[in-house]
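Descriptive structure summary
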Amino acid sequence: ILHQIQGEYERAREMYEQALAIREELGDRAGVATSLHQLGILHHLQGEYKRARERYEQSLAIEEELGNRAGVAGSLHQLGMLLEEENDLDGAIRYVAAAYALLSQLGSPDQEIAARTLARLRGKMGEAAFQSALERAGAGPPPGSAAPEVGLEQVLQVIAANTVAVLTAAPQHREEWWNALGQLSGQAREQGAAEFAAFLGVLQRLVEGARPASLSAAVPQPFRPAWEAIVQGLEA
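Notes on the structure follow.

Calculation rules
Residues numbered from 1 in each chain as written. Predicted model: local features only at pLDDT ≥ 70, side-chain atom pairs only at ≥ 80, totals over all residues. Heavy atoms only, no water. 1 Å grid on protein atoms, 1.4 Å probe; cavity = no way out; pocket = protein on both sides within 12 Å on 5 of 7 lines; lining within 4 Å. Points joined across faces, edges and corners; volume = space filled by probe spheres on them. Helix = DSSP H or I, 4+ residues; strand = E, 2+ residues; numbered from the N terminus. Nonpolar A, V, L, I, M, F, W, Y, C, P; charged D, E, K, R; others polar. Phe/Tyr/Trp six-rings, centres within 6.5 Å; stacked < 30°, edge-to-face > 60°. Buried < 20%, exposed > 50% of the residue type's maximum accessible area, 1.4 Å probe, protein only. Expected span 1.5 Å × (residues − 1).

A few words on the layout of surface pockets. By volume, the largest pocket amounts to about 820 Å³. What lines the largest pocket is a set of 35 residues, among which A70, D110, H173, E176 and W177 lie closest to the centre. Contributing elements (two or more residues each) for the lining of the largest pocket: α3 (29-45), α4 (49-66), α5 (69-85), α6 (89-106), α7 (111-125), α9 (152-168) and α10 (174-190). Top element by residues in the lining of the largest pocket is α5. It accounts for seven residues. For the lining of the largest pocket, the class distribution of residues is 14 nonpolar, 16 polar and five charged.

Once that is clear, we can look at the packing of aromatic side chains. Tallied over the entire structure, the rule returns two aromatic pairs. When the ring of F196 is compared with that of F223, the centres are 5.7 Å apart and the planes differ by 15°; the resulting orientation is stacked. Placement of F196 in helix α11 (residues 194-208) and of F223 in the loop between α12 (212-215) and α13 (224-235) is noted, with a sequence separation of 27 residues between them. Neither F196 nor F223 differs from the other in exposure class; each is buried. Connected via pairs of aromatic rings, a cluster forms that spans F196, F199 and F223.

For α5, which comprises 17 residues, the first-to-last C-alpha distance of 25 Å matches the rise-based estimate of 24 Å (1.5 Å per residue) to within 8%. Counting buried positions over the 17 residues of α5 gives 13, a clear majority of the element.

On their own, these measurements won't tell you what the molecule is for.
This is the structure in C-alpha cells:
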C-alpha cells in the first residue's frame, strides 16, 4: 500500500503479485480475493481499465463463492466506478446500486461511500435519466429519496467508530478500511470539501501505522472532536 500511495506503481504491483502468489500457494481464498482486488485498484489508477475489470471480476467471483457479502459489495462498487470512468453510466448505476443494497443490508458504514457515488451519478445524468436507469437495474429508491439525509456529524461518528474498531479489534481489515477512506476522500475533494478530505487523509496515515501524536497538528479544526474521540478510543 505504501508504494501505491507514493506513486511507485511498479513496485506496488510486484508486492501485490508476490502476496497473491503466496496466498494462492497457501490456499488462502479470502487473501487471494483481497490481492486481486488491490491489483484491480492499481490497474484502475494507471488507467488500465481492461486489466482492472479482469481483476475486480476475479475477486468478485471468489467473494461470491465464499459468501463474503461485504467483499462482493466492494468489488461491485469498484466495477461501478470503473464503468463511470468509461462513461457507461447505466452500467455504473447497476453495479453501485447493487453494492449499496448489500452494504445497507449489512449495516456497513461503507454504504455512505456507495450513496455518495450514486449521488454523483445522479448529478451527471439528471434526475429523470437517473431514475430510469435505476428502474432498468431493478434497484429500489436511491439513498436519500425516502429517508432524511445523513448529517456530517453522524458520518463522522461512524468513521470514528470504524477506525477505532479496525485499529483495535479487527486489524485484518486495515487494508479495506484504508481503501474506503481513500475513496471517500476523493469524493470529498470532488465536492469541494477540502478539509473533510484532509481529515480522511490523516486517518489513512493513522491506519498505515503513524503515531496519533505525530498527526494531531494536521487535523483541520472542525474535525478535532472526531479526532479526539478516535484517540480516546485507541487509548481505552
